[in-house]
Structures are given as structure tokens and as C-alpha cells.
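So you can see what is in the structure, the chains are spelled out below.
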Amino acid sequence: MTEKAKEKGNINYIIKLGLTLFIITAITAVMLAGVHELTKDAIAGQELDAFGQALKTLVPDGALLEDRTYTAETFKAYTLERSEGVYTYCIEVAPEGYGGPINMIVGVEVVNEDGKFVKRVTGVAITSLSETPGLGTKAAEEPFLSQFKGIYHLAVDANGKINEEPSAIKIGGGDNAVQAITGATVTTKGVIKGVRTALDSIKVSASGEVSFE
Amino acid sequence: MRETLKQFKDGIWNQNPIMVLVLGMCATLATTTSIVNGIGMGISTAIVLICSNIVISLLRKVIPNQIRIASYIVVIAGFVSAVDMLLKAYLPDISEALGIFIPLIVVNCIILARAEAFASKNGVFRSGIDGLAMGLGFIFTLLLMSIIREILGNGTLLSGTPLELNLTFGGKFEPASLLIRPVGGFLTLGFLLAARQKINMLRDKKSSKTKESEGHRA
């Protein structure tokens with residue numbers, strides 16, 4: 001065979017290889033597009049379900065106000081109305097845990113106590129986490145999470161002065177403190193950070209108006 | 001029929017992908033921390049294995065030699081992505097639990113190894129059976145490992161299902177959480193491999209003893 005013919009033969013063969021791979025990949029891509037179409041509604045539904053479940057657990061008697069949602073870099077705030085003028089705010093946060101972000105929702109209400117405005121945690125729900133099974137995963141269980149009910153932070157004092165200090169939650173005993181999970185301090189601190197971010201996200205004016213700006 | 005039976009015997013015992021071929025270690029060690037996860041992983045991998053074996057066997061005369069590995073990976077990745085989407089849509093709890101290990105099925109050596117060693121050289125029916133047999137062997141080993149690791153390492157049985165049993169006898173049995181960690185995975189696997197060898201040795205001794213006595217009589 002001449003040099004030129006050999007060269008042409010080689011190029012033809014390489015083109016054939018490329019074409020075969022292209023066809024196999026193209027058919028696979030079409031198949032995948034089909035499965036995607038088939039499942040995308042179900043997948044969206046599942047994600048909505050998980051979130052809806054968490055909201056229902058935190059605020060069983062609340063109705064989500066769609067137009068009062070606020071999105072920021074470190075949190076997303078939802079407003080749920082429990083009755084006329086009574087609101088619970090569900091703040092979605094994702095603090096860093098030991099094995100990745102801890103996706104959680106913190107329920108907070110702003111109450112008037114003797115002329116002061118206080119932010120109180122009504123509950124914490126974990127939607128997903130990648131912590132060590134048996135240790136960090138305990139963070140998603142009731143005994144640990146229920147500790148956060150009642151954790152509070154002063155927003156406006158009795159004289160109408162706004163509290164500029166960020167919230168603080170201690171580890172240990174006493175007021176506004178929680179017990180850490182033995183052997184999972186990083187996970188514990190992650191959840192605490194999430195609750196604090198949620199508390200600090202709510203801005204209360206001297207007259208008790210809530211905003212997230 | 002005989003051939004098929006041999007394939008199943010090989011897949012589950014003699015050529016068990018985890019205990020003999022020692023493939024798919026990453027998935028094995030990581031997903032056997034609970035029985036539900038182990039079975040979920042096993043079935044997902046088995047489905048991909050059967051589908052990819054069949055398709056690759058169908059295409060074996062069409063795929064040129066130089067691009068065979070690339071083609072196998074495209075086919076395998078395609079099936080894994082499909083399984084991933086189906087799990088997310090219809091079995092979200094299993095999808096959440098297995099997490100990143102579903103996409104990692106693509107590089108699970110078992111699937112590529114069977115594609116290269118069997119499906120590319122055999123007919124569609126045989127390849128499908130091979131996928132099923134190896135898949136069953138994989139599930140079998142994952143089941144054994146996850147039962148051991150979950151009961152001894154977590155003190156529960158079938159945690160994550162409505163049938164969950166707590167076996168700590170009110171705190172009297174303190175589970176060895178070491179078994180839930182990677183080190184525990186290696187330990188359990190090592191012991192399983194040794195146990196399998198021992199069983200084989202005992203069987204061989206028994207059959208050679210019967211052969212001896214038959215020889216004497218003859």
C-alpha cells in the first residue's frame with residue numbers, strides 16, 4: 001500500500017472510532033433525557049415533601065405565607081401565620097458539621113415579655129446531615145434537639161433599646177445552654193451555630209416590627 | 001441448565017465478587033453500617049450490573065477494541081445516572097442514606113470487571129445470568145457484613161425501618177461503635193474472608209475423607 005493510502009486508511013479508522021463512541025454516547029444521552037423527564041416531577045415533589053414535613057413538625061398549626069419569604073446568603077426565612085397577627089418564623093440554615101453541611105430549620109417566635117421583645121426558639125428540625133453514624137447523627141434526634149426549645153435572645157429591652165449583641169448559647173448546664181453530644185463536639189457546635197445564625201437573622205425594631213434586612 | 005447453575009454457584013460462593021475477587025471494596029466498607037443501606041446498595045449495584053452486562057454483550061461485536069473501556073464506562077454511567085434519578089424520585093430515603101455511593105457505582109470495579117471479563121465475550125443470556133449471579137453474590141456478602149456490623153456495632157437490627165429492633169437490652173449490651181467505622185469494616189471483611197476459606201477447607205477435607213474410604217472399599 002502506498003504511504004498516502006496507508007495514511008488515509010488510518011484516518012478513516014480513527015474517524016470510525018470517534019463516530020462509534022459518539023453514537024453510543026448520543027443514544028445514552030437520549031435515554032437519560034427520557035428518564036430525567038419521567039422523574040423530574042416526582043423528584044421535585046419529594047424535595048417539597050421533606051421540607052413541608054419539617055415545617056409541619058415545627059409549626060403544626062401554621063400556614064406558610066408565600067410572599068413573606070426572605071433569602072440571604074447564610075439563611076432563608078419563612079413566615080408562618082398561626083393566627084391573626086401571631087407568627088412563627090422558620091429559618092433555614094446550613095452550618096458546617098463534621099462531615100459536611102447540616103441542613104436544618106429553626107422555628108423562632110418574637111414575644112412581648114413585660115415590655116421587652118424576646119426571640120424564642122420553638123423548635124429545631126434537621127432535614128439532612130452527613131455526620132458519623134451513632135455519634136454525630138444523634139444531633140438529629142429528639143433528646144438533643146429538644147434542648148433548644150426555649151433558647152432565647154433579648155431583642156429590645158424594656159426601654160425600647162435594641163440589643164446589638166449577637167446571640168450566645170453555652171455548652172454545659174444553666175440557662176440558655178445545651179449539653180453536647182459525647183464524642184461529637186464538632187457536630188454539636190455546628191447545630192449551635194445554626195441556631196445562633198437563625199436567631200441573629202431576625203431584626204426587631206423598637207416597636208416590635210420584625211424584618212430580615 | 002448445568003451451565004447456569006455453575007454460574008450461580010460461582011457468583012455467590014466460588015467467585016464471590018467481594019470475598020474472592022475482592023472487588024467493590026469502597027462501596028462494601030462504606031455502606032454496610034446498616035442492613036437497610038447494605039441491601040439498598042446491593043440491589044442498586046446488581047440492577048446496574050445486569051443492565052450493563054446485557055447491553056455490552058449486545059454491542060460486543062460493534063464496539064471496536066481501542067475504545068472498548070470508554071464505551072463500557074459510558075453505558076455503565078448511563079445506567080447509574082438512571083438508577084440515581086429513579087431512587088431520588090421514588091425511594092428518597094434510600095437515596096439519602098446511600099448518598100454519594102450511588103454515583104460511585106460507576107467506578108465499582110465489579111461492573112467494569114464483569115464487562116471486560118465476561119459480557120464482552122459471551123452471549124446476551126449468559127451475560128445477563130452473570131450479572132444476576134454476581135449481583136446476588138454481592139448482595140449476599142453485603143447482607144452478612146451489615147448484619148454483623150449493625151448488631152454488634154450499633155445494637156440495632158433493621159434500623160431505619162418500621163421493624164427496627166433495639167438489642168441493647170436496656171443498656172446492658174454496649175455496642176462496639178468501632179465496628180461502624182472504616183476500621184470495623186476492614187475487620188469484619190477480613191474475618192468473613194477467613195471464615196469462607198475455613199468453610200471451604202472443611203468441605204475439602206470432608207470430601208477427600210469420603211473419597212479415601214470409598215477407595216479402600218474398592
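Above: the structure in question.
Described in the following lines is the structure provided in the data block.

Definitions and cut-offs
Residues numbered from 1 in each chain as written. Chains lettered and ligands numbered in written order. Predicted model: local features only at pLDDT ≥ 70, side-chain atom pairs only at ≥ 80, totals over all residues. Heavy atoms only, no water. Pairing = 2+ DSSP bridges. Helix = DSSP H or I, 4+ residues; strand = E, 2+ residues; numbered from the N terminus. Axes fitted to C-alpha atoms, helices over the stretch in contact; angles between N-to-C directions. Parallel < 35°, antiparallel > 145°, perpendicular 65-115°, else oblique. Left-handed = near helix turned anticlockwise from the far one by under 90°. Contact = heavy atoms within 4.5 Å. Nonpolar A, V, L, I, M, F, W, Y, C, P; charged D, E, K, R; others polar. Buried area = accessible area lost by both parts, 1.4 Å probe. Polar contact = N/O pair within 3.5 Å; in protein donor to acceptor, adjacent residues only side chain to side chain. Core = buried A, V, L, I, M, F, W, Y, C linked by side-chain atoms within 4.5 Å. Buried < 20%, exposed > 50% of the residue type's maximum accessible area, 1.4 Å probe, protein only. Salt bridge = Lys/Arg side-chain N within 4 Å of Asp/Glu carboxyl O.

Looking at the pairing of strand 5 (residues 116–128) of chain A
Residues and elements named next belong to chain A.
Logical step 1: The pairing of strand 4 (residues 103–113) with strand 5 spans 11 bridges and is antiparallel. Within the sheet, the bridge partner assigned to V111 lies in strand 5 and is V118.
Logical step 2: Sheet analysis places strand 5 next to strand 6 (residues 152–156), joined by four bridges and oriented antiparallel. Looking at strand 6, one finds that F117 is bridged to V156.

Thoughts on the packing of helix 4 (residues 68–90) of chain B against helix 6 (residues 109–119) of chain B
All names here are of chain B.
Logical step 1: As a packed pair, helix 4 and helix 6 sit with axes 11 Å apart at the nearest point and diverge in direction by 130°. On the basis of the axis angle, helix 4 is oblique to helix 6. Helix 4 and helix 6 meet at a crossing whose hand is right-handed. The residues of helix 6 that touch helix 4, namely those facing R68, I69, Y72, I73 and I76, are I111, L112, A115 and E116.
Logical step 2: A breakdown of the residues in the contact of helix 4 with helix 6 according to their chemical character gives seven nonpolar, no polar and two charged.

Notes on the interface of chain B and chain A
Logical step 1: Facing 23 residues of chain B, the contacting portion of chain A comprises 21 residues.
Logical step 2: Each partner contributes to the roughly 1,800 Å² buried at the junction of chain B and chain A, and carbon and sulfur atoms together form 78% of this total.
Logical step 3: Of all residues in chain B, I67, V74 and M85 of chain B give up the largest surface area on contact with chain A, accounting jointly for 26% of the area buried on that side.
Logical step 4: If you look at where chain B meets chain A, you find two residue pairs in polar contact (both at pLDDT 80 or more).
Logical step 5: Considering only residue class, the side of chain B that touches chain A consists of 15 nonpolar, five polar and three charged.

So, the nonpolar core
Logical step 1: Ranked by internal contacts, the top residues of the largest apolar core, which has 34 residues, are M41, V48, I56, V80, I105 and I111 of chain B.
Logical step 2: For this core, the secondary structure elements donating two or more residues are helix 2 (25–31), helix 3 (35–58), helix 4, helix 6, helix 7 (124–154) and helix 8 (182–217) of chain B.
Logical step 3: Among the elements that take part in this core, helix 4 of chain B stands out by supplying eight residues, more than any other.
Logical step 4: Apart from the residues within four sequence positions on either side, I111 of chain B is in contact with T45, V48, L49, S52, I76 and I105 of chain B.
Logical step 5: One finds F75, M104, L145 and I151 of chain A within the second-largest nonpolar core, a separate group that totals 32 residues.

Topic: the packing of helix 3 of chain B against helix 4 of chain B
All names here are of chain B.
Logical step 1: Orientation of helix 3 relative to helix 4, taken along the N-to-C sense of each, is 140°, at an axis distance of 9 Å. Relative to helix 4, the element helix 3 lies oblique. Considering only the axes of helix 3 and helix 4, their crossing is right-handed. Counting all contacts with helix 3, which are made through S44, I47, V48, C51, S52, V55 and I56, the residues of helix 4 involved are Y72, V75, I76, F79, V80, V83 and L87.
Logical step 2: Of the residues belonging to the contact of helix 3 with helix 4, the class tally is 12 nonpolar, two polar and no charged.

Thoughts on the pattern of salt bridges
Residue and element names in this part refer to chain A.
Logical step 1: Scanning all chains against the criterion turns up eight salt bridges over all chains.
Logical step 2: With a closest N to O distance of 3.1 Å, K40 and E37 form a salt bridge. Of the two residues, K40 and E37 are both situated in helix 1 (residues 3–58); the distance of three residues between them amounts to about one turn of the helix.
Logical step 3: Taking relative accessible area as the criterion, K40 reaches 37% and is therefore assigned partly exposed.
Logical step 4: Salt bridges sharing common partners tie together D61, R82 and E109.

Here we look at the environment of G9 of chain A
Logical step 1: Position of G9 of chain A among the secondary structure elements: in helix 1.
Logical step 2: Counting along the chain gives 63 residues from G9 of chain A to A72 of chain A, while the straight-line C-alpha distance between them is 61 Å.

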